[in-house]
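Reading the structure
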Amino acid sequence: IRGLCPIPSALCKTEKDGKLLKILTAEKAEGNFGGVPGEIVSVKPDVLVKTKDGVIKLCLIQPEGKGKMQATDAVNGRKIVLGDRLV
């Protein structure tokens, strides 16, 4: 995410509706979670996404057509729910 371009971010789509989601900041997180890579495995207290080797915590995101927001605010606004998959 931080090393991709001069303006760090990563683009993905939500599997359920195909809308773009820009991940602006994320952090490595600790923990053992089941699921497949790209799956939202936790939404409270942090939004965690399963990766091949572990999990990352989404911090700042930008849903398609919306402004930048904290990932936890996106959960409260029902833009991200447990079990969603980012592809």
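Cut-off values and rules
- Residues numbered from 1 in each chain as written.
- Predicted model: local features only at pLDDT ≥ 70, side-chain atom pairs only at ≥ 80, totals over all residues.
- Heavy atoms only, no water.
- Helix = DSSP H or I, 4+ residues; strand = E, 2+ residues; numbered from the N terminus.
- Rg over C-alpha atoms; globule rule 2.2 N^0.38 Å.
- Buried < 20%, exposed > 50% of the residue type's maximum accessible area, 1.4 Å probe, protein only.
- Contact = heavy atoms within 4.5 Å.
- Areas by Shrake-Rupley, 256 points an atom, 1.4 Å probe, with all protein chains shown as cover.
- Lys, Arg positive; Asp, Glu negative; His and termini not counted.
- Charge placed at Lys NZ, Arg CZ, Asp CG, Glu CD.
- Salt bridge = Lys/Arg side-chain N within 4 Å of Asp/Glu carboxyl O.

Helix and strand counts for the protein chain stand at one helix and six strands. Element order for the protein chain, N to C, with α for helix and β for strand: β-β-β-β-β-β-α. For 87 residues, the compact-globule estimate of 2.2 N^0.38 gives 12 Å, and the C-alpha radius of gyration of the protein chain, at 12 Å, lies within 12% of that figure. Along the first, second and third principal axes, the C-alpha set of the protein chain runs to 30 × 30 × 20 Å. Residues counted as buried form 34% of the 87 residues belonging to the protein chain. Sequence separation of at least 24 residues holds for 51% of the intrachain contacts in the protein chain that already meet a minimum separation of 6. As presented, the protein chain carries roughly 5500 Å² of accessible surface, and 52% of it is formed by carbon and sulfur atoms. Between the centroid of the 15 positive side chains of the protein chain and the centroid of its 10 negative side chains there is a distance of 4 Å.

Here we take up unusual backbone geometry. A cis geometry characterises the amide bond from Lys-44 onward to Pro-45, with omega recorded as 0°. One can find Pro-45 in the loop between strand E3 (40-42) and strand E4 (47-50).

Looking now at the pattern of salt bridges. Taken as a whole and judged by the stated rule, the model has four salt bridges. We note a salt bridge from Glu-15 to Arg-85, for which the minimum N-O separation is 3.6 Å. With Glu-15 in the loop between strand E1 (10-13) and strand E2 (20-29) and Arg-85 in the segment after helix H1 (71-76), the pair connects residues that are 70 residues apart, well separated along the chain. Look at Arg-85 and you get partly exposed, because its relative accessible area is 28%. The residue Asp-84 makes a salt bridge to Lys-16 at a minimum N-O spacing of 3.5 Å. One end of the pair, Asp-84, is in the segment after H1; the other, Lys-16, is in the loop between E1 and E2, and 68 residues separate them in sequence. Residue Lys-16 is classed as exposed on the basis of its relative accessible area of 51%. The network of salt bridges with shared partners includes Glu-27, Asp-46 and Lys-57.

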